[in-house]
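The residues making up each chain are set out below.
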Amino acid sequence: MSLTYKARSGIIWSIGQQFSVKFINLFITIILARLLSPAEFGLIAMLSIFIAIGNSLMDSGLTSSLIRTRTAGQKDYSTIFFFNLLGSLVVYGIFFISAPFIADFYRQPQLTNIVRIYGLTFLINAFFSIQSTLLTKEMKFKLQTIIQIPSVILGGCLGIFLAKNGYGTWSLVWMSLLSATVSTILHWFYSDWRPRLLFSKRSFRKHFHFGYKMTLSGLLDTVYQNLYTVIIGRFYAATQLGFYARADSLSQLPIGIISTAINKVTYPMFSNISNDDVKLKMVYKRLMQQVLFWNAPILIFLALIAQPLISLLLTDKWLPSVPYFQILCIAGVLYPLHAYNLNILKVKGHSGQFLKLEILKKVLSVIGIVCVIPFGIMGLLYFQLFFTVFAYYINSIYSGRLINYPLKEQLHDIAPILMLSSLLGLACYGLDKWFLAQYQLNNFLRIVGLSVVYAGFYLGISNTIRLAALTDFKQLILKQ
């Protein structure tokens, strides 16, 4: 099977996986948001940074090393499997002991028991990390889709049942635990790989040499990505954090469906062509344009319809999250380009440069965040928007040098997409404000009307001016 066919099939199934899982998650979230309060969601959001840090420490970047290593064998996989099991026990032990201190930090006593039960996901996830890595490395995203969907559905059903019966935040905890358990069982059922009683110090050192730098980089990124959650949870009410967390979750929906899906394919695919800079540049350019072509208009449009969308889906009690959601959507437009630029550094083996970049960006970010704290949550969000643009600038400089694709050339390739998406967004904003508002349409009709206008003009103009991304899409997907 050719790499091109595997890449195309992988992208289609990866997007299908993300779309189905995210759509099911959205449906479950909508029901839970109507049953639970923003404060109950906020309590779980307070744990996000600790869960993310624990997952990074448990893996230590070793699975990324396995994906990029073409000659990895049973000795490598078994070594990393047992290391992950040991790592999960250590991480859970730290999590268990730290629970009272986490509760004291947020001034939420009920978090102690929640932390200790929620942390069991570390132990559960460790049992299928290698099976999941192999499926990603082999681009078997169809099988991953088959595994993920029932895991999400069964966990969601339990969460909804418990929420209806008054379990509050605990319904979210048990939902996560059941999803992780079902995912583990299905990974073992569908995967042929089984660990053997092997542990190679040489193999471990080889993967750890690459992985520890990725882990440090991942930890920095994890702390940064969750820093806003920590600050809002520490200095503001749990309700405010609930609004922010829900806005962030909704804004991540299109990013998860499109960019995250393709990012899962690009890392193993880039690894296979890492020695051919010309081909790597061509593939990177086409993927960047393709993802932005769909990601940018969707996020801009979501920012446009934020008020009727949140009111329709989550009810009016969540309307304070509208301005948060709008800013996060705009900030998310460039997010995919961060991931692809960093993937270039990883597949080229520049994990040291990767780490230096992450340290530089995060130090500057923390300084900026400290400066804007006095301006409240909105000040934090506007800084997040600014820093997204700045981070893309930094990442593109270094990765561009490796494949001869400088920032100026990258901007030239994506400028038509960004300009078209933005101009149509402004036009639809004017249509909604000065025309549709006069007819006092309900939220559903406003969303449908603006969707038809925006999508129609976007696709029509793109086809008329023969935008490269749309031409590629028709050639790669529709005609083959």
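Above this text sits the structure in question.
Structure report, in brief. (Residues numbered from 1 in each chain as written. Predicted model: local features only at pLDDT ≥ 70, side-chain atom pairs only at ≥ 80, totals over all residues. Heavy atoms only, no water.)

## Regarding the overall build of the protein
- Looking only at helices and strands, the protein has 21 helices and zero strands in total.
- Looking at the protein as a whole, 54% of its 480 residues qualify as buried.
- Sequence separation of at least 24 residues holds for 84% of the intrachain contacts in the protein that already meet a minimum separation of 6.
- Of the roughly 21,600 Å² of accessible surface on the protein, 67% is carried by carbon and sulfur atoms. (Helix = DSSP H or I, 4+ residues; strand = E, 2+ residues; numbered from the N terminus. Buried < 20%, exposed > 50% of the residue type's maximum accessible area, 1.4 Å probe, protein only. Contact = heavy atoms within 4.5 Å. Areas by Shrake-Rupley, 256 points an atom, 1.4 Å probe, with all protein chains shown as cover.)

## Details of the side chain of Arg 446
- Looking at the secondary structure, you find Arg 446 in helix 20 (residues 443-464).
- Setting aside residues up to four positions removed in sequence, Arg 446 forms contacts with Gln 307, Pro 308, Asp 432 and Leu 441.

## Overview of a nonpolar patch on the surface
- On the surface, Leu 312, Phe 435, Tyr 439, Leu 441, Phe 444, Leu 445, Val 448 and Val 452 cluster together into a nonpolar patch covering about 740 Å² of accessible area.
- With four residues, the single largest contributor to the nonpolar patch is helix 20.
- Along the chain, Phe 435 turns up in the loop between helix 19 (407-434) and helix 20.
- Taking the relative accessible area as the measure of exposure, Phe 435 reaches 41% and is therefore partly exposed. (Patch = residues over 30% accessible without salt bridge, like charges linked within 9 Å, V, L, I, M, F, W, Y side chains within 5 Å. Salt bridge = Lys/Arg side-chain N within 4 Å of Asp/Glu carboxyl O.)

## Some points on the packing of helix 13 (residues 277-304) against helix 20
- In contact at an axis separation of 11 Å, helix 13 and helix 20 are set at 150 degrees when each is read in the N-to-C sense. Taken together, the axes of helix 13 and helix 20 are roughly antiparallel relative to one another. At the point where helix 13 passes helix 20, the crossing takes the right-handed sense. The segment helix 13 lies against helix 20, with Phe 293, Trp 294, Pro 297, Ile 300 and Phe 301 engaging Ile 447, Leu 450, Ser 451, Tyr 454, Tyr 458, Leu 459 and Ser 462.
- Grouping the amino acids of the contact of helix 13 with helix 20 by side-chain chemistry returns 10 nonpolar, two polar and no charged. (Axes fitted to C-alpha atoms, helices over the stretch in contact; angles between N-to-C directions. Parallel < 35°, antiparallel > 145°, perpendicular 65-115°, else oblique. Left-handed = near helix turned anticlockwise from the far one by under 90°. Nonpolar A, V, L, I, M, F, W, Y, C, P; charged D, E, K, R; others polar.)

## Structural notes on the packing of helix 9 (residues 141-164) against helix 10 (residues 169-190)
- The contact between helix 9 and helix 10 brings their axes to 8 Å, and the two run at 155 degrees. With respect to helix 10, the element helix 9 is oriented roughly antiparallel. Seen along the crossing, helix 9 lies across helix 10 with a hand that is right-handed.

## Quick word on helix 6 (residues 111-118)
- Here helix 6 has its buried residues at Leu 111, Thr 112, Ile 114, Val 115 and Tyr 118. Taken end-on, helix 6 shows its buried residues confined to a sector of 170 degrees, consistent with a single buried face. (Arc of directions from axis to C-beta.)

## Here's the deal with helix 9
- Between its terminal C-alpha atoms helix 9 stretches 34 Å, which fits the 34 Å expected from 24 residues at 1.5 Å a residue.
- When helix 9 is considered as a whole, its buried residues turn out to be Phe 141, Gln 144, Thr 145, Ile 147, Ser 151, Val 152, Gly 155, Gly 156, Gly 159, Ile 160, Leu 162 and Ala 163.
- Positive phi appears at Gly 166, one or two residues downstream of helix 9, with a value of about 85 degrees. (Expected span 1.5 Å × (residues − 1).)

## Overview of unusual backbone geometry
- Phi at Arg 107 is positive, roughly 60 degrees, even though this residue is not glycine.
- Position of Arg 107 among the secondary structure elements: in the loop between helix 5 (74-106) and helix 6.
- Of note in the backbone geometry, Arg 466 takes a positive phi value of approximately 55 degrees without being a glycine.
- By the element assignment, Arg 466 lies in the loop between helix 20 and helix 21 (468-478).
- On the basis of relative accessibility, which here comes to 71%, the residue Arg 466 falls in the exposed class.

## Remarks on the environment of Thr 215
- Position of Thr 215 relative to the elements: it lies in helix 11 (residues 201-235).
- Once the C-alpha coordinates of Thr 215 and Leu 355 are considered, the two residues, 140 residues apart in sequence, prove to be 8.9 Å apart.

## Side note on a positive patch on the surface
- A grouping of Lys 75, Lys 201, Arg 202 and Arg 205 is seen on the molecular surface, where their side chains present a positively charged patch.
- For the positive patch, the leading source of residues is helix 11, giving three residues.
- With respect to the element layout, Arg 205 can be found in helix 11.
- Residue Arg 205 is classed as exposed on the basis of its relative accessible area of 54%. (Lys, Arg positive; Asp, Glu negative; His and termini not counted. Charge placed at Lys NZ, Arg CZ, Asp CG, Glu CD.)

## Some thoughts on the packing of aromatic side chains
- All chains considered together, the criterion is met by 20 aromatic pairs.
- Ring geometry for Tyr 77 against Trp 193: centres 6.5 Å apart, planes inclined by 75 degrees, an arrangement best described as edge-to-face. Note that Tyr 77 is positioned in helix 5 and Trp 193 in the loop between helix 10 and helix 11, a separation of 116 residues in sequence. The exposure classification of Tyr 77 matches that of Trp 193, with both residues buried.
- A centroid spacing of 6.3 Å and a plane angle of 65 degrees characterise the contact between Phe 81 and Trp 188, whose relative ring orientation is edge-to-face. (Phe/Tyr/Trp six-rings, centres within 6.5 Å; stacked < 30°, edge-to-face > 60°.)

## A look at the nonpolar core
- Counting residues in hydrophobic clusters, the biggest one holds 106 residues, and the most contacted among them are Leu 32 and Phe 325.
- By residue number, the principal contributor to this core is helix 13, which donates 13 residues.
- Counting contributing residues, this core receives three or more from each of domain 1 (3-231) and domain 2 (237-478).
- For Phe 325, the contacting residues outside a window of four places in its chain are Ala 247, Leu 250, Ser 251, Leu 302, Ala 306, Leu 309 and Ile 310.
- Counting residues in each nonpolar core, the second largest holds 10 residues, with Ile 80, Leu 85, Ala 126 and Ile 130 among its members. (Core = buried A, V, L, I, M, F, W, Y, C linked by side-chain atoms within 4.5 Å. Domains from an automatic or database assignment.)

## Here we look at the pattern of salt bridges
- For the coordinates displayed, the defined rule picks out three salt bridges.
- Taking the shortest distance from any N to any O, the salt bridge between Glu 409 and Lys 281 comes out at 3.2 Å. In this pair, Glu 409 sits in helix 19 while Lys 281 sits in helix 13, placing the two residues 128 residues apart along the sequence.
- Among the ionic pairs, Lys 285 bridges to Asp 413, the shortest N-O distance being 4.0 Å.

## Quick look at the environment of Leu 154
- Tracing the backbone through its elements, the reader meets Leu 154 in helix 9.
- For the pair Leu 154 and Val 182, spaced 28 residues apart in sequence, the C-alpha separation works out to 8.0 Å.

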